[in-house]
Amino acid sequence: MSDDALAAAERSATSVLHAVLRSRWLRYAIFLGVLALVPAVFTRVPFYTMSVGVLMAIQAIAALGLIPLTGHAGQISLGQAAFFAISGYTSALLTTRWHTNALLAMIAGMALSAAVAYLVGTFIFRAQGQYLVLATLSFGLLVSYLANQLPLTGAADGIPGIPALAPFGFTISGDVDMYYLVALVLLIAVIVVDALLRSPVGKALTALGDSPVATAAAGVSIAGLRRNAFTLAAALSALAGSLYAHWSTYMDPGQAGILSSVQLLIIATIGGQRLVWGAPVGAFVVITFSEASKTLIPKVIPQATGNYEIVVYGIALIVILLFLPRGVGGGLIGLAGRLARAVRGREATAVD
Amino acid sequence: MNCALEVSSATVRYGGVAAIDDLSFQHEDGGVVGLIGPNGAGKTTLLNVLSGAVRLTTGRISLQGRDLTSRKPHQIARLGITRTFQNLQVFGSLSVLDNVLLPRVARGWATAVGDMVLLPQAHRKVQAERARALDLLDRVGIAEYAQQPAGSLAYGLQRRVEIARALAGDPELILLDEPLAGLSASESVDLTELFTKVSTEGITVLLVEHDVASVLSVSKRVLVLDHGRLLADGTPDEVSANPEVRAAYLGEEWT
Ligand SMILES: Nc1ncnc2c1ncn2[C@@H]1O[C@H](COP(=O)(O)OP(=O)(O)O)[C@@H](O)[C@H]1O
Ligand SMILES: [Mg+2]
């Protein structure tokens, strides 16, 4: 009797699992549901606040472009934070100095970042192999240096007083409002990037990651493809950067730092680089770790300074990747697939 | 229509070593051209040069009178030279069908985008390409694996994926780098028959192969490389009668 009930429950759970694995619109709907539940949960659970929720969504958007660029095309970029900063500072400057509409400033920031990425990409992707990572690193260091030095960007002081976004005359005031906005942007970005990965362009990116020589021999310009993936990743990071600037009201050179770029790579890696879900899952896990270590480390080690956080990141990254080489997202998908197969296998033997 | 390939004084130097050394030959009348030679003779290097993967140190190559010397691999592919690789280079995480579709997509990104935004004309074209790709898979005998990840296929089947992918690029000249390596005798016979058939359709086949007997049996012309130089060039009969060729192959298989 209870065995029957258990078997029935298992069967329905498996059919749900199958449906989720098969239908991407169902996956988007579930993601929408999770995003909608965040405010209710984050306002009730310790050290999760709406401000942490906003940060997670923004970082997920910034890391999303690494899924096609790094996860598929195989190109590691240490320049993501540079594009985040270029757009954030553009938003900051246009709105504080010239009182440009915040939405226009955001679009300008994204356009500038994408244009810079296209030019930098055209230049660096003539090279091959491991030099490319160094080229993106040099570019990231250059932008970080400029943000720290230029009078235009307020040097070390940064730019304060950035106005909030006001889409359709509706001013985004609190963290809850901002959360709904960035969550919506994240959802749309995830659907768009997922569509790209399914398209022939996405297939070409996957091919490029599998074998650059064979991709070129198939008639694809690999320099052009890398440049375009780099530009897309930059545009998404730029979108996140402007959202951040208008939310925090303050841009400082730390946003352009190499550590921020490394954090975005960690987010994509921890979450899983092959699927779009890697970006939100990774942002959730990594920012949870960093927030937890901010609250917990001072309690455990009273003299600790900010640098301990990096140690915690490093250890977390190593531990997670030891057990889940395809990241948390990849691990979950693998687990779901195994479960589905195991149950199907048991049904098959039961029928025999 | 047969392709006119011209290689003039081609040299590729790696440090002090010339992998191919002042090599010149022409080919105009199609068919299967065999390219043999001991290990390290420069066969793969010549294929790399013809496909743009390696730049010539000095010399020139041209196809149909068009200079290819400093062109990029993807340009050369679109100009009509496609290839397979000695060390397998399938797109392991793509389906077998997607492997074969990529060369088609690369020639018409606009069509792919049009299909994505549901333009009926683009959609019909994409459907036609898929049908054609499936035909190609059928020809090389792997249609039943169309939807499987290419990386999950057995070694011999992956070689066929590469051949289908190279044919999908509508080449005038196809470069095959040891396509029979690691295959069973019956698989080898299947594929050599396919190469002959492909060549009768106007595609020139440049066949690099370790198995000399297979090369001699399908080629109308055989080039023998040794230390980056042309040791012999002629019909299979002429080449196999050449004492220098026999000397170069001393200790290696020769039937
Ligand atoms: N990338 C490379 N760097 C240095 N030497 C190379 C490289 N590729 C090939 N060679 C050398 O060039 C010669 C010809 O190699 P290859 O063209 O692979 O010969 P084959 O295909 O006939 O066996 C060999 O001596 C090989 O060691
Ligand atoms: Mg070779």
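In the nomenclature of an unreviewed UniProt entry, chain B corresponds to ABC transporter ATP-binding protein from the organism Actinocatenispora comari.

As annotated in an unreviewed UniProt entry, chain A carries the name Branched-chain amino acid ABC transporter permease and comes from Actinocatenispora comari. Recorded in UniProt for chain A, the comment headed Subcellular location (unreviewed entry) runs: "Cell membrane".

Asker: I would appreciate a short explanation of the interface of chain B and chain A in the present structure.
Answerer: Quite often, the size of an interface is put as the accessible area lost when its parts meet. The partner chain A presents 19 residues to the 22 residues of chain B that form the contact. Area buried by chain B at its contact with chain A is led by B:H74, B:F91 and B:W109, which between them contribute 27% of it. Its salt-bridge partner being B:D98, residue A:K203 comes within 3.1 Å of it at the nearest N-O pair. Taken together, the links from chain B to chain A amount to seven residue pairs in polar contact (both at pLDDT 80 or more). Counting residues per element, the ones that place at least two in the side of chain B that touches chain A are α2 (73-78), α3 (96-106) and α4 (109-116) of chain B. Among the elements that make up the side of chain B that touches chain A, the one with the highest residue count is α3(B) (five residues). Split by residue class, the side of chain B that touches chain A holds 13 nonpolar, four polar and five charged.

Asker: Can you help me understand helix α1 (residues 43-50) of chain B in this one?
Answerer: Residues separated by three or four positions in an α-helix point in the same direction, a consequence of the helix having 3.6 residues per turn. Residues and elements named next belong to chain B. Most of α1 is tucked away: seven of the eight residues are buried. Buried within α1 we find K43, T45, L46, L47, N48, V49 and L50. The positive-phi residue at the C-terminal boundary of α1 is G52, with phi of around 85°.

Asker: Please explain the coordination of the magnesium ion (ligand 2) as it appears in this structure.
Answerer: Each donor-metal-donor angle would ideally measure 109.5 degrees in four-coordinate tetrahedral geometry, or 90 or 180 degrees in six-coordinate octahedral geometry. Here the magnesium ion (ligand 2) is held by B:T44 (OG1) and B:Q86 (OE1), and the distances to it run 2.0 to 2.2 Å. One end of the pair, B:T44, is in helix α1; the other, B:Q86, is in the loop between β6 (81-83) and α3, with 42 residues separating them in the sequence.

Asker: In this structure, what is going on with the nonpolar core? I would like to understand it.
Answerer: Grouped burial of nonpolar side chains is what soluble globular proteins tend to show. In this structure, A:I58, A:L64, A:M178, A:L186 and A:L243 are the most contacted members of the largest nonpolar core, which totals 100 residues. Ignoring anything within four residues of it in the chain, the contact list for A:L243 reads A:I58, A:I61, A:M106, A:L165, A:M178, A:L181, A:V182 and A:V185. Ranked by size, the runner-up nonpolar core spans 43 residues in total, among them B:L97, B:L136, B:I163 and B:V205.

Asker: Honestly, the domain arrangement of chain B in this entry has me stumped. Any pointers?
Answerer: Residues and elements named next belong to chain B. What the domain assignment lists for chain B is domain 1 (5-90 + 158-248) and domain 2 (95-152). On the side of domain 2, 16 residues touch domain 1, which itself brings 17 residues to the contact. Overall, the association of domain 1 and domain 2 removes approximately 1500 Å² of surface from exposure, summing both partners, and the carbon and sulfur fraction of that is 57%. Of all residues in domain 1, the largest losses of buried area upon contact with domain 2 belong to R160, V161 and A168, amounting jointly to 32% of the total for that side. The tally of links between domain 1 and domain 2 comes to three salt bridges.

Asker: Mind showing me how you'd approach the pattern of salt bridges here?
Answerer: Charged atoms that come close allow side chains of opposite charge to pair. A full pass over the atoms with the stated rule returns 12 salt bridges over all chains. Here A:D194 makes a salt bridge to A:R198, at a shortest N to O gap of 3.3 Å. Taken together, the residues span about one helical turn, with A:D194 and A:R198 both in helix α8 (residues 175-198) at a distance of four residues. According to the relative accessible area criterion, A:D194 is buried, its value standing at 8%. Judged by relative accessible area, which is 37%, A:R198 ranks as partly exposed. With a shortest N-O distance of 3.3 Å, B:D170 and B:R104 are connected by a salt bridge. Separated by 66 residues along the polypeptide, B:D170 in the loop between α6 (155-168) and β7 (173-177) and B:R104 in helix α3 bring together distant segments of the chain. Of the residues examined, B:D170 reaches a relative accessible area of 43% and is grouped as partly exposed. With relative accessibility at 15%, the residue B:R104 sits in the buried group. Among the charged side chains, a network of salt bridges with common partners joins B:R104, B:E129, B:R132 and B:D170.

Asker: Where do I start with the site of ligand 1 in this structure?
Answerer: Residue and element names in this part refer to chain B. Every residue lining ligand 1 is accounted for by Y14, A19, P38, N39, G40, A41, G42, K43, T44 and T45. Within the backbone of G40, an N or O atom sits 2.8 Å from an oxygen atom of ligand 1. Residue K43 places a main-chain N or O atom 2.8 Å away from an oxygen atom belonging to ligand 1. Relative to its unbound accessible surface of 560 Å², ligand 1 loses 58% to contact with the protein. It is α1 that provides the largest number of residues to the shell around ligand 1, a total of three residues. Here the residues of the shell around ligand 1 sort into four nonpolar, five polar and one charged.

Asker: For this particular structure, what's the right way to read the pairing of strand β4 (residues 58-63) of chain B?
Answerer: Looking along a regular strand, one sees side chains alternate from face to face of the sheet. Residues and elements named next belong to chain B. Pairing analysis gives five bridges linking strand β1 (residues 5-14) to β4, with the strands arranged antiparallel. By the bridge assignment for β4, E6 is matched with S62. Alignment of β4 against strand β5 (residues 66-67), held across two bridges, turns out to be antiparallel. What sits directly across from S62, in β5, is D67. What sits between β4 and β5 in their antiparallel hairpin is a turn of two residues, with Q64 showing a positive phi close to 50°.

The rules we used
- Residues numbered from 1 in each chain as written.
- Chains lettered and ligands numbered in written order.
- Predicted model: local features only at pLDDT ≥ 70, side-chain atom pairs only at ≥ 80, totals over all residues.
- Heavy atoms only, no water.
- UniProt positions renumbered as here; feature names shortened; annotations may be inferred.
- Contact = heavy atoms within 4.5 Å.
- Buried area = accessible area lost by both parts, 1.4 Å probe.
- Salt bridge = Lys/Arg side-chain N within 4 Å of Asp/Glu carboxyl O.
- Polar contact = N/O pair within 3.5 Å; in protein donor to acceptor, adjacent residues only side chain to side chain.
- Helix = DSSP H or I, 4+ residues; strand = E, 2+ residues; numbered from the N terminus.
- Nonpolar A, V, L, I, M, F, W, Y, C, P; charged D, E, K, R; others polar.
- Buried < 20%, exposed > 50% of the residue type's maximum accessible area, 1.4 Å probe, protein only.
- Donors = N, O, S within 2.8 Å, 3.2 Å for Na, K, Ca; no water.
- Core = buried A, V, L, I, M, F, W, Y, C linked by side-chain atoms within 4.5 Å.
- Domains from an automatic or database assignment.
- Near = heavy atom within 4 Å.
- Areas by Shrake-Rupley, 256 points an atom, 1.4 Å probe, with all protein chains shown as cover.
- Pairing = 2+ DSSP bridges.

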